[in-house]
Structures are given as structure tokens and as C-alpha cells.
Amino acid sequence: MSRIDIKTKDGAKLFKGCAESDPSWGVDYLVKTIGKWDKNELLNFKEGRRDIIWALESILVWKEHFQDGARILLSLAEAENESWGNNATGIFVELFSFSTGPAATTAASPKERLPILEEALNSDSKEKRIVGIKACSHALKTSGHIRHVGAEFHSIKRAPDLWVPKTYKELFDIYEFVWKLLYKQLFVTNGDERELILDVILNRMGEIGRIKALSSLVVSSLEGIVTIQDINKLKILERIIDVLGFHTKELSNDTKAAMQKIRDELTGTDYDSLLRRFVGIARHRDIVVQEGKIKNLNEEGIEKLAAEAVDNNTKLFSNLAWLSSNEAKNNYLFGYYISKNDHSHSLLDKIIKEHFRDQERGNNLLVCGYLRNIYEVNTGLWEKILARLINDDIKASDILDLTCRSGMTDDAAINILNLFKKDKFTNEDFINSNFTLQAQEISEEIFYQWIEFLLIKNNSSVTSSAIDWCTFYYLHRNTSKKMPKELIYRLLTSESLLAPKTDKEYQRLDDYRWAEIANHFINNNKKIALEIANFIVDHIGLEGTIFDGFRSEIYGVLTKIGKINAIGLWDIIKKHLDSPYSIAQFHLKSWLGGREYFGENETGSLDLFPPEVVYDWVNENIEKRAGFLASLIPKSIRTQENEYNWVIEVLKRYGDREDVRRNLTANFYTEGWTGPARLHYEKRKQNLIDFKKTQDDANVMNWIDEYLDTIESDIKRSRIHEERDED
């Protein structure tokens, strides 16, 4: 075994099997190989990496191998080259989840685990330290633990007894150790590591602080943290407000009083401190109920500060740079109240001048808020101000932002459209704007002009925005307006929708919005429903588009079309069913047959079509199509009154064929369940026996007998596994 090449896929797979049978040999082998690799070699370790991580996951359930195995896993995490959740980093972090019993990740005790965590935090490697910080966050998680079982069930050996604390104090001691470990690191690190540690402490202080034995530790830590020079006090204040709001019933009175004191000290009493307190913290955190009424203390504070700034302009302009930064989370509302108190709008020109002079500004929301109040009070003045700004030396992308975030009129929409036609701002600028919601305010004539232009752009993300526009314009606002047939058809079948999107561009609601429009459109234009179906089926499964994925809303559109014209839709889809292993066949098969997993049934769409039409198609090429049909029909052996049973009818017609019976059995095995496998198979066996009593067709009876034989084998095998686990 010393010659296994774990850098190859086959070698790593072989190693995994051997290591699961003999974890002691496995960890020794990895110490002598991976344990001696440098970081560059670890980064380039790709082909066999997945199986080695899975092998380590199995090794690490054994407490005697934990420390050596965890150090190897940490080295792989230091040189991480995978992006999914169960990569080396993810598995290492989960090792320090101190959940208990079946949810525990290992048999190793805290005494065996915590030294590894301490090693990671004190490592010379920044990457290891960051992985260690993430593991500390997991260690401080007091509830909501989730683990995929299985790593402990791989060899003929009895599975280890996973760790279980003897008392709550044992758990609390772990939390205290990890908390102090992080707190100590906070004073010796800086930069992004310090921010990451601070985030962990702040995010966990609510659940740790509600533990009576640890609440004083949390409070004293906060008192120490606020003394650190250059620490983000606004972030601390924000989180304290969160904890006092969300965990107030779980905190002791002493803990609440101590946190309130720290909150008040961080808030301060001078204008600049109060500005950061109310404008720098998200509004929802300050919603309270007083005397039975909901009040937003944040908005009340902002309104007072804005009035004070209008009375004393120095307070406004000395803070303008911060008010234009991303730290000022409520700068839009602050700008709105500045405008509301500045009745003559005498401050606007200076605000705009100083704001756009600052090249480091984070956003335009302060000015947008100011303009929003003008839009509400005097729309004509708002249009004139924006028209003037277009002629000033201000970027078109900023004009777009100021317009979309403060209001919308036909004139403003035309001005923005003209800038877009002249390429004064980019597609990305447009997509990131707030135009979708504001487009609801424009007339239908201007709306048509915009959609026509967006289609001309022939860009998938821009077309998605156009679909969003139409969804809100016709379905959410102007529900009485009729969609323009030709324009919407071109939008739904735009070639730009076929361009794969990157993860950055992809919007999870794209298929939902497209389906919303398509369903509404089809309701009112049934004659061209099949043309929409053709477009869907021709591109179904196209990777990176709205037609990708098995749970896409697009399938609902196909189902709707099938209810309108089943025979016409069958003529379209059957052309793709004869292409073995094609993407289209794969997706259409899933749609037709439905899926059943863990008790949840996704009804297939085969019932949309007249059975005789389907059988006529099969009979044109029985050799090729009969078995295929058996592989996708709904797997129901219970016959309801007036319900067509595909299993019975397909077996009657084609059940004399071995491939039909084999594929139908395989179809029934595409399932999932919870609980012991033996009980599941015994229930299935009884259902088959009961079903057989109701049948008299030879083909049906023959298939039932064959299926019962395989079920009997499954029952025997699952019983053996149960007996092994009990030993």
C-alpha cells in the first residue's frame, strides 16, 4: 500500500477505501505524504483531493486519530482550492461544532479538539489563522447544528460513540475557552483578521450572553473591546442595539443594564456622535413599541438632526464626506429631511457642488433623498433641476442614479433614454439603477419606447430588466392594461435570453418573472402558445439561462400550454425524446415523469396528454420507445376511481418486453425516504402484494413477481446492515 499515488483520482479513491477500513494506517500514510508537502504542492493538489478529504472526514470521527488528521486537514484548508461548502475549510470548521450525540462530528472530546483550534489561531500562516477564526465561530454556535451523517459508517468496525457532554457546565467551559481565545487574539491582530474576529464576537454575543454563567464574560469583553484604538465602534453599537432588541427577554436584568450603559457611552451626546448613531445604523434596528404604538426612534432622531443641520450649516458640511459614504446607512432619509427643512432649497447647489467634488464618495443617496422631497412637493422644479444637472459637468451614470432614486416622469424618462442611446452610461449602470420600480410611473407610450430600445441592446441582463419592467408595469400596477402582443412576444423569445449568464449576472427571479409574463400573455393569446412552447423546448436545459435547472418556473409555462393544446405540445416535445442522452431529452423526461423524494411528490406532466397519442408515438418505434416510456411514467400502483394508471396500461401493452419491465423497476427505484431502509422496503413489498391481488393481466403479474424478488433482496441486505450496526 505504500505505493498508492493519492494525487491521481484512482489512487485517491483506493486510499479512501483502505483508510475507511483501517483509519490508523490511513492517518499515518497522510502524515508521511501530505504532511510533508509545501503550500505550493498542496495548492496544486486537485485531482485526488476530494477523495482524500472524504477519507479524512471518516478518519476524524475516531478520537485517537483526531489531532493528526485535523492537522492534515488544516494544511489542506490553508491551501484551499475548492469553493463548495464541504471543502477542506468547511470540514475543518465543522469539527469544532460542539453539537452532541448523532449531530456530533467526532468521538474526540474538547480536550482533544481545542488544542488544534489554539494551534490554528497562533499559527504563523495567515490562512490557517483565518480558518481557525471561522472554526471558533462554529464552536460558539449554541443551537441549530446540522450534520450529514455517514462518515462514521464505512467499515465493518462498529461506529464510534460520538462525543456527548456530561453536564451543561462542560459545554459552557468550551464556550468560555473559545471566547477568551478570540478575545485575546483581538488585541494582537489587526486589519481584516481583527475585523473577522470582531464580527465573530459580535455575532455570537447574543447567544453566549444569554447563558447566565457567561453573561459577565460577554459584558467585560465588550468593555475591553471598546478601548481598542481604531476599533469599529459603530459596528459594536449596532450589534448591542440588536442584542438588546432581539434577545431582551433572554438576558438577565444586570446584563441588559450593563449593555445599555455601554450603548449609551458609545452613542455619545455631541452632534457628530449622534449623527453617526442615527444615520449610521440601519433603521429597522430602532423600531420599538411604546404605549401600544410602533415607533421608529431612528427616524425621529434623524429628523431632529436634519433640522439642526439646516439651522447650523457648519454641522452639515463638516460631515458631508461621511454622509456620502457607505457607512451612512440612512443618508437618503437624512437628505430627505434636510430638504424638508430647507424650504427655499438654498442648500441644494452647495450640497451638489461639495458632494460631486468628493471623488471618494460612496454613493449619491444623500442628494437623492434631498431631491425626493422636491419631487413630492414640486415635480416641475424637480424636472428643471435634473435637466440643469445634465448640462453640468456631472457623469451620466450619476444623473441616472439621481433620477431613479428620487422620482420619475415622462420627461425625465426620455432624458435618461436619450443618454442611454448616446452610450453615456453602461448596461451595468442601467441594470444597477432603481429604474424597474420607477418605470411604473411613466406613460405607456414612453414605456413602449424604452422596451423597444432595451430589446435593441440584445443583452441578456438588459432583457431581464425589461422583463422585470413588464412584470411590474402590467401585472403589479396597471393590471387592467393589455400587454402589446407583438412587443411582448419579441421580449419572451429574445435571442439575448439564450446567452449564458455568469454567477454575477444571474438573478434568481429571472425564470420566475419570465414565467409570470408568459403565463399572463398565453392566457390572452392562446393561438400563439405553441410558438412560446417551441422556443422553450428548443432551448430547455441550456446552461446558464432561464431554461436551465429542474425546478425552473419555465416548466409551469409548458404545463399551462399543455392544458390549452396537449396534442400540439406533444408534437413539439416528441421530436426531442428520440435523442438519447441529450440535454433536452433529460429535462423533458424529468418534466414528464415528475419526481418523488422523501415523501414529497412532484407530479409529472405525462397526464396532460391523451394516452393514445403517446402510444401511437411508441408504436412507431417500439424497440426504441417502449422501454423509454416505462422509465418515465408516474410510478403509482394505486388506482383511484376515474384515474388513468400508466403502470398497468403500459405493462398490458408492452410488459412482455424485458427492457420495459427492467426500466419500470429502475423507475420505481428513483426515490428517497426517511427511516430504516428495511421498513421502507417491507412496506413497498406489502403494497405490491396488495396490488397483485387486484390484477389479472399476465404482463402485470410477471412484472410484480420480478419486482418482489428484488425487494426481497433489498430487505435481506438492509437487515444485515441493521444487525451490523447493532453489534
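Being a predicted model, the structure only gives us computed values, none of them experimental.

## Thoughts on the overall build of the chain
Moving on, step 1. Within the chain one finds 39 helices and four strands.
Moving on, step 2. Here the chain holds 727 residues, and the buried ones make up 50% of them.
Moving on, step 3. Sequence-distant contacts in the chain: of pairs separated by 6 or more residues, those separated by 24 or more amount to 71%.
Moving on, step 4. Counting every atom, the chain has about 35,600 Å² of accessible surface; 48% of that belongs to carbon and sulfur.
Moving on, step 5. Placing the 98 positive and 113 negative side-chain charges of the chain at their respective mean positions leaves the two points 2 Å apart.

## Focus: the side chain of arginine 684
Moving on, step 1. Relative to the helices and strands, arginine 684 resides in helix H38 (residues 677-693).
Moving on, step 2. Side chain to side chain, arginine 684 and tyrosine 707 meet in a polar contact 2.8 Å long.
Moving on, step 3. Contacts of arginine 684, omitting those with residues within four sequence positions, involve Phe668, Glu671, Tyr707 and Ile711.

## Details of the pattern of salt bridges
Moving on, step 1. Inspection of the entire model under this criterion finds 47 salt bridges.
Moving on, step 2. A salt bridge links lysine 180 to glutamate 176; its shortest N-O distance comes to 2.9 Å. Note that lysine 180 and glutamate 176 are positioned in helix H9 (residues 168-186) at a spacing of four residues, about one turn of the helix.
Moving on, step 3. The partly exposed category is assigned to glutamate 176, whose relative accessible area is 27%.
Moving on, step 4. One network of salt bridges, with partners in common, ties together Glu612, Glu649, Lys652 and Arg653.

## Some remarks on the state of the cysteines
Moving on, step 1. Applying the stated rule across the entire model yields zero disulfides.
Moving on, step 2. Note on cysteine 404: no disulfide assigned, nearest cysteine sulfur contributed by cysteine 368 at a separation of 9.1 Å.

## Overview of the packing of aromatic side chains
Moving on, step 1. Under the criterion given, the structure shown has 39 aromatic pairs.
Moving on, step 2. Between tryptophan 617 and phenylalanine 628 the ring centres are 6.5 Å apart and the planes differ by 70 degrees, which places this aromatic pair in the edge-to-face class. On the criterion of sequence distance, the pair formed by tryptophan 617 in helix H34 (residues 611-619) and phenylalanine 628 in helix H35 (residues 622-630) is long-range, its members being eleven residues apart.
Moving on, step 3. Taking the ring centre of tryptophan 54 as reference, the NZ or CZ of arginine 50 above it sits at 5.3 Å.
Moving on, step 4. For arginine 277, the ring lying beneath its charged end belongs to phenylalanine 278, and the centroid distance is 4.6 Å.

## Focus: the environment of serine 480
Moving on, step 1. For serine 480, the position within the fold is in the loop between helix H27 (460-477) and helix H28 (485-492).
Moving on, step 2. Using a relative accessible area of 74% as the deciding quantity, one classes serine 480 as exposed.
Moving on, step 3. Spatially, the C-alpha atoms of serine 480 and lysine 315 are 50 Å apart, while their sequence positions differ by 165 residues.

## A few points about helix H13 (residues 253-267)
The α-helix winds at 3.6 residues per turn, so residues separated by three or four positions along the chain end up facing the same way.
Moving on, step 1. The first and last C-alpha atoms of H13 sit 21 Å apart over 15 residues, in line with the 21 Å expected at 1.5 Å per residue.
Moving on, step 2. Buried within H13 are the following residues: Thr255, Lys256, Ala258, Met259, Ile262 and Thr267.
Moving on, step 3. Where H13 is buried, its residues contact helix H10 (191-209), helix H11 (215-225), helix H12 (233-246) and helix H14 (271-279).
Moving on, step 4. Of the residues one or two after H13, glycine 268 is the one with positive phi, at around 75 degrees.

## Points about the nonpolar core
For soluble globular proteins, nonpolar side chains are generally found buried alongside one another.
Moving on, step 1. The biggest cluster of nonpolar side chains holds 139 residues, and the ones touching the most others in it are Leu316, Phe334, Ile338, Phe435, Trp450 and Trp514.
Moving on, step 2. Of all the elements, H27 adds the most residues to this core, at eight residues.
Moving on, step 3. Not counting residues within four places of it along the chain, the set of residues in contact with leucine 316 comprises Ala309, Leu323, Phe334, Ile338, Leu347 and Ile351.
Moving on, step 4. Counting residues in hydrophobic clusters, the runner-up holds 79 residues, among them Ala19, Ala120, Ile211 and Val243.

## A closer look at unusual backbone geometry
Moving on, step 1. Phi is positive for aspartate 423, which is not a glycine, with a value near 55 degrees.
Moving on, step 2. On the secondary structure map, aspartate 423 appears in the loop between helix H23 (410-421) and helix H24 (427-431).

Basis of the calculations
Residues numbered from 1 in each chain as written. Predicted model: local features only at pLDDT ≥ 70, side-chain atom pairs only at ≥ 80, totals over all residues. Heavy atoms only, no water. Helix = DSSP H or I, 4+ residues; strand = E, 2+ residues; numbered from the N terminus. Buried < 20%, exposed > 50% of the residue type's maximum accessible area, 1.4 Å probe, protein only. Contact = heavy atoms within 4.5 Å. Areas by Shrake-Rupley, 256 points an atom, 1.4 Å probe, with all protein chains shown as cover. Lys, Arg positive; Asp, Glu negative; His and termini not counted. Charge placed at Lys NZ, Arg CZ, Asp CG, Glu CD. Polar contact = N/O pair within 3.5 Å; in protein donor to acceptor, adjacent residues only side chain to side chain. Salt bridge = Lys/Arg side-chain N within 4 Å of Asp/Glu carboxyl O. Disulfide = S-S within 2.5 Å. Phe/Tyr/Trp six-rings, centres within 6.5 Å; stacked < 30°, edge-to-face > 60°. Lys NZ or Arg CZ within 6 Å of the ring centre and 35° of its normal. Expected span 1.5 Å × (residues − 1). Core = buried A, V, L, I, M, F, W, Y, C linked by side-chain atoms within 4.5 Å.

By themselves, these observations are geometric and do not establish any function.
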